[in-house]
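# Secondary and tertiary structure notes
Now for the letters of each chain:
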Amino acid sequence: VQLQASGGGLVQAGGSLKLSCAASGRTFSSGAMGWFRQAPGKEREFVATISWSGGTSYYADSVTGRFTISRDNAKNTVYLQMNSLNPEDTAVYYCATSSNRNMWYNRMAQYYDYWGQGTLVTVSS
């Protein structure tokens, strides 16, 4: 399985970005997908996850109401729409895929099988 994240960049506080993660190598629609992020000097943290059907999603408290995760199984792609960005959102964002059907556990990185290379999001104040 290969995951390619893209869409990162430099944006001013209050702005928006949309990240994409394209998957290849296996049946994309059978796995949950997640976004995590890692800021400089900090541990990787959960951002959002979406079930294989797209019907269930969870968000970290810090992004709820500002970020939206979605997926297009026909395109083998998962998205993260990020609005109202603030400097605390600055991080490398990683997408990952999980074969775990329990979406509650998919808030934790240990349940993910494959990871993309990450895309850098920088929010200036």
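Computed from a predicted structure; not experimentally measured.

The next thing to look at is the overall build of the protein. Counting its regular elements, the protein contains zero helices and eleven strands. Listing every helix and strand of the protein by position from the N terminus yields β-β-β-β-β-β-β-β-β-β-β. For 125 residues, the compact-globule estimate of 2.2 N^0.38 gives 14 Å, and the protein sits close to it at 13 Å. Expressed as lengths along the three principal axes of its C-alpha atoms, the size of the protein is roughly 40 × 25 × 25 Å. Counting over 125 residues, the protein shows a buried share of 42%. Across the protein, the fraction of contacts at a sequence separation of at least 24, relative to all contacts at a separation of at least 6, is 58%. Total accessible area on the protein is roughly 6300 Å²; 47% of this is exposed by carbon and sulfur atoms. Put simply, the protein has 10 plus and 7 minus side-chain charges, and the middle of one group is 7 Å from the middle of the other.

Turning next to the packing of aromatic side chains. For the structure shown, the criterion picks out six aromatic pairs. The interplanar angle of 70° and the centroid separation of 5.7 Å between the aromatic rings of F36 and F46 together place this pair among those described as edge-to-face. In this pair, F36 sits in strand 4 (residues 32-38) while F46 sits in strand 5 (residues 45-50), placing the two residues ten residues apart along the sequence. Classification of F46 as buried rests on a relative accessible area of 14%. Taken together through their ring pairs, the aromatic side chains of F36, F46, Y112 and W115 make up a single cluster. A cation sits over an aromatic face here: K18 above Y79, 4.6 Å from the ring centre. Over the ring of Y94 we find R44, and its NZ or CZ is 3.9 Å from the ring centre.

Each value, and the rule that gives it
Residues numbered from 1 in each chain as written. Predicted model: local features only at pLDDT ≥ 70, side-chain atom pairs only at ≥ 80, totals over all residues. Heavy atoms only, no water. Helix = DSSP H or I, 4+ residues; strand = E, 2+ residues; numbered from the N terminus. Rg over C-alpha atoms; globule rule 2.2 N^0.38 Å. Buried < 20%, exposed > 50% of the residue type's maximum accessible area, 1.4 Å probe, protein only. Contact = heavy atoms within 4.5 Å. Areas by Shrake-Rupley, 256 points an atom, 1.4 Å probe, with all protein chains shown as cover. Lys, Arg positive; Asp, Glu negative; His and termini not counted. Charge placed at Lys NZ, Arg CZ, Asp CG, Glu CD. Phe/Tyr/Trp six-rings, centres within 6.5 Å; stacked < 30°, edge-to-face > 60°. Lys NZ or Arg CZ within 6 Å of the ring centre and 35° of its normal.

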